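# Analysis of the macromolecular model
Residue strings, one per chain:
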Amino acid sequence: MAQKRFGSADSTGRKLDVIEKYLSMYQKALSNTRLQTLYIDGFAGSGEVPLGASEEDLFDEEVKTVLAGSADRALSISPPFLRYVFIDKRKKCIDALKARLKDRPNFDRVETTVEDANAKIRAICENEQWRMQRGVVLLDPFGSQVEWATIEAIAATKALDLWYLFPAGLSVFRQIANDGTVHDSHGDSITRLFGTDVWMTAFFAPSSQGDLFGEPAGNRKNVTPESAARFMIERLRNVFRGGVLELEETIPLGRHAYPSYYLLFAWANPAPKATELAKKLARAAIRATDRKHGRPV
Ligand SMILES: C[S@@+](CC[C@H](N)C(=O)[O-])C[C@H]1O[C@@H](n2cnc3c(N)ncnc32)[C@H](O)[C@@H]1O
């Protein structure tokens, strides 16, 4: 039987360790305040992650090596969040997640929902009261499922911090051919990710090759996962009034020289104290896991 993929074990572990560390420090910091706290996991999964997992691997019996997933880790944080919302569009994932977590002491704080993360998170952002409530959103998709309108809704709360596994390599860099051609459906999904079609000029440069495959004459690909992530950071800066971590401070993730993802961090609350705290905690969470995993080059 073919060996399952374990290559991205360190990436997955690093991502989960950063988030767990951040959530733990966040809760410690906010437990001394009167603020209520909410954790939203948009792509919650089943509660455990088969190493090297793709969407198909999630329920594969042959994948034996697993890590506790983001939802499981978040629910184990002490002190716990007041409320947790775990979202996954696959019922099988939510059923497995509930079965895994139902006997935990804080399970009565959990709401689970089988739904598209975009719709659910936008509804939460619009309908909740944010005056005395703060929280953290994790967007950990496999690909280009996060719509820009969802990012805008999170930013508009001025209350939520966002960890976003942005698929700069997988869903941007790898969807653009070297000759500058982009399949229509990929183009549309890149536009949904960024909430603009400005990338259509930003990610191309003049070429001496001429008019190939019907593309405008003289276009060639001029984007890397890194520059795609930088472009997203600039987009985030337009809407997150708190701030966004610089690319150099974030973590590239994936098995290849060209990272599939960057773990981005943005915070919506513009208050100076909130900004100081968010930056300090995010940097500390990343540094703490650098010590364990080594800083990627
Ligand atoms: C990378 S996995 C999440 C892993 C999880 N964060 C963990 O650490 O255990 C991505 C999950 O997103 C779910 N998913 C895919 N598209 C979705 C969507 N539009 N809305 C909500 N969930 C979605 C998949 O079913 C899958 O469980």
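These notes cover the structure that comes with them.

Attention now goes to the nonpolar core. Within the largest apolar cluster, 48 residues are counted, with the highest numbers of intra-cluster contacts made by L139, I151, F203 and F240. Sort the elements by how many residues they give to this core and helix α9 (residues 225-239) lands first, with 7 residues. Aside from chain neighbours lying at most four places away, what touches I151 is L139, V146, L162, Y164, L236, V239 and F240. One finds Y39, V110, V136 and L245 within the second-largest nonpolar core, a separate group that totals 36 residues.

Next up on the list: unusual backbone geometry. Cis rather than trans, the peptide bond between S78 and P79 has omega equal to -5°. Looking at the element boundaries, P79 is found in the loop between α2 (70-75) and β4 (83-88).

Relative to the assigned elements, I151 resides in helix α5 (residues 148-156). Judged by relative accessible area, I151 falls into the buried class, the value being 0%. For the pair I151 and R122, spaced 29 residues apart in sequence, the C-alpha to C-alpha distance is 8.7 Å.

The next point concerns the side chain of N269. For N269, the location among the structural elements is in the loop between β12 (261-267) and α10 (272-293). Residue N269 is classed as buried on the basis of its relative accessible area, which comes to 13%. Reaching out from N269, the side chain makes a polar contact with the backbone nitrogen of A271 at a distance of 3.0 Å. Not counting residues within four places of it along the chain, the set of residues in contact with N269 comprises R134, K158, A159, G242, A274 and T275.

What counts and what doesn't
- Residues numbered from 1 in each chain as written.
- Predicted model: local features only at pLDDT ≥ 70, side-chain atom pairs only at ≥ 80, totals over all residues.
- Heavy atoms only, no water.
- Core = buried A, V, L, I, M, F, W, Y, C linked by side-chain atoms within 4.5 Å.
- Buried < 20%, exposed > 50% of the residue type's maximum accessible area, 1.4 Å probe, protein only.
- Helix = DSSP H or I, 4+ residues; strand = E, 2+ residues; numbered from the N terminus.
- Contact = heavy atoms within 4.5 Å.
- Polar contact = N/O pair within 3.5 Å; in protein donor to acceptor, adjacent residues only side chain to side chain.

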